[in-house]
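Survey of secondary and tertiary structure
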Amino acid sequence: MPPPTFPITTRRLVLRLFTADDLDALWRIQSREDVTRYLYWGPRTRQEVEEALADRLSWTAVDLEHHRLVLAVTLAATGELLGDVGLHLVSQEHRTVELGYIFHPDHAGRGYATESAREMLRVAFEDLGMHRVIARLDGANTASAGVAERLGMRREAHFVRNEYVRGRWTDELVYALLADEWRSAQVAEPFVGGLPGDA
Ligand SMILES: CC(C)(COP(=O)(O)OP(=O)(O)OC[C@H]1O[C@@H](n2cnc3c(N)ncnc32)[C@H](O)[C@@H]1OP(=O)(O)O)[C@@H](O)C(=O)NCCC(=O)NCCS
């Protein structure tokens, strides 16, 4: 299957590989308590962000060779870094990846996470030939659940206080979407909001 070509453009966004120049903007996102509240890791120091970025700089293809691919999401109009969206390989055998997204709160509420994550579903199913995409999130992370639901993902599990994360027991939600469900939605989508030919 052909690898996707970078950068990937959507209606308002450009999804591209990270560069060393993204350090300041990434640090402004990853150092925030409100951004990391429901993640496995807490606010990062600048050095920790440098290390995380260095890891990303070594990923140059969407072949999941490194078992994950995280893309910088930028605003097409300005080039500003809004956040990131990524795929993590869960199982090669079962062709399953996990979807993730982290955005700066200044850019919340405009659908950017949904728009970029929707494109990553296309990459996962169309370019990488995946069978299943999942999203795992803290049960209290309603914003993240909103993204998964706007993407048409199905809530498959709600584990109760199953994970001990940074000093507290947390619930975990699991959302999933299968390739054939995604394909059906692509066929159905042109009819949403009216029939073809409607004004
Ligand atoms: C999870 C996260 C990305 C969600 O951000 P978000 O701004 O709620 O999501 P979107 O960018 O898709 O925006 C959706 C909102 O914009 C609104 N919106 C406006 N224009 C829109 C458009 N064109 N398309 C879709 N939604 C649009 C939606 O109605 C929704 O509003 P609501 O929150 O009032 O329901 C964000 O909270 C975040 O980065 N959190 C910290 C990191 C994190 O927890 N990541 C997830 C780990 S599992």
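This section reports on the structure supplied with the text. Each chain carries its own residue numbering, running from 1 in the direction its sequence is written. In keeping with the model being predicted, local features are shown solely for residues with a pLDDT of at least 70 and side-chain atom pairs are shown and tallied solely at 80 or more, while totals for entire chains, interfaces and linings include all residues. Neither water nor hydrogens contribute to the side-chain values; these are computed over all heavy atoms in the structure.

**Quick notes on the overall build of the chain**
For clarity, the cut-off: Here a helix means four or more residues in a row that DSSP labels H or I, a strand means two or more in a row labelled E, and each is numbered from the N terminus. Type-normalised accessible area, obtained with a 1.4 Å probe on protein chains alone, sets the label of each residue: buried when under 20%, exposed when over 50%, and partly exposed for intermediate values. Residue contacts are defined here by distance: any two heavy atoms, one from each residue, within 4.5 Å place the two residues in contact.
The helix and strand tally for the chain stands at six helices and eight strands. Ordered by position from the N terminus, the helices and strands of the chain form the series β-β-α-α-α-β-β-β-α-β-α-β-β-α. With 199 residues in all, the chain has 45% of them scored as buried. A separation threshold of at least 6 residues defines the contact pool for the chain, and within that pool the share at least 24 residues apart is 60%.

**A closer look at the pairing of strand β6 (residues 132–138)**
Formally: Criterion used throughout: strands pair if DSSP finds at least two bridges between them. A crossover counts as right-handed when, viewed with the strands pointing away from the observer, the path leading from the first strand over the helix to the second turns clockwise.
Most of β6 sits inside the fold, with five of its seven residues counted as buried. Across three bridges, the pairing between strand β5 (residues 96–103) and β6 is parallel. From the neighbouring strand, Thr96 faces β6, where its bridge partner is Arg132. Of the crossover connections in this fold, the one passing from β5 over helix α4 (residues 112–127) to the parallel β6 is right-handed. Summarising the sheet, β6 and strand β8 (residues 168–178) pair through seven bridges and their orientation is antiparallel. Looking across to β8, one finds that Leu137 is bridged to Leu173.

**Examining the sheet that holds β6**
Spatially, eight strands are ordered β1-β2-β3-β4-β5-β6-β8-β7 in an open sheet, and the strand pairing comes out mixed. Strand pairing shows two members of the sheet lacking a second neighbour, β1 (8–9) and β7 (154–165), which therefore form its edges. As defined by bridge partners, strand β4 (residues 81–91) adjoins β5 across eight bridges and the pair is classed as antiparallel. When the sheet's bridge partners are listed, Gly86 is paired in β5 with Gly100.

**Looking at unusual backbone geometry**
Backbone geometry places Arg95, a non-glycine residue, at a positive phi of 45°. One can find Arg95 in the loop between β4 and β5. Residue class for Arg95 comes out partly exposed when judged on its relative accessible area of 42%. One non-glycine residue with positive phi stands out, namely Arg166, at about 45°. The residue Arg166 is located in the loop between β7 and β8 in this model.

**Details of the pairing of strand β3 (residues 68–75)**
The element β3 is extensively covered by neighbouring structure, given that seven of its eight residues are classed as buried. In this sheet, β3 lies alongside strand β2 (residues 13–16) in antiparallel orientation, the contact comprising four bridges. Counterpart to Arg16 in the pairing with β3 is Ala72. Where β3 lies against β4, seven bridges are found, and the strand directions are antiparallel.

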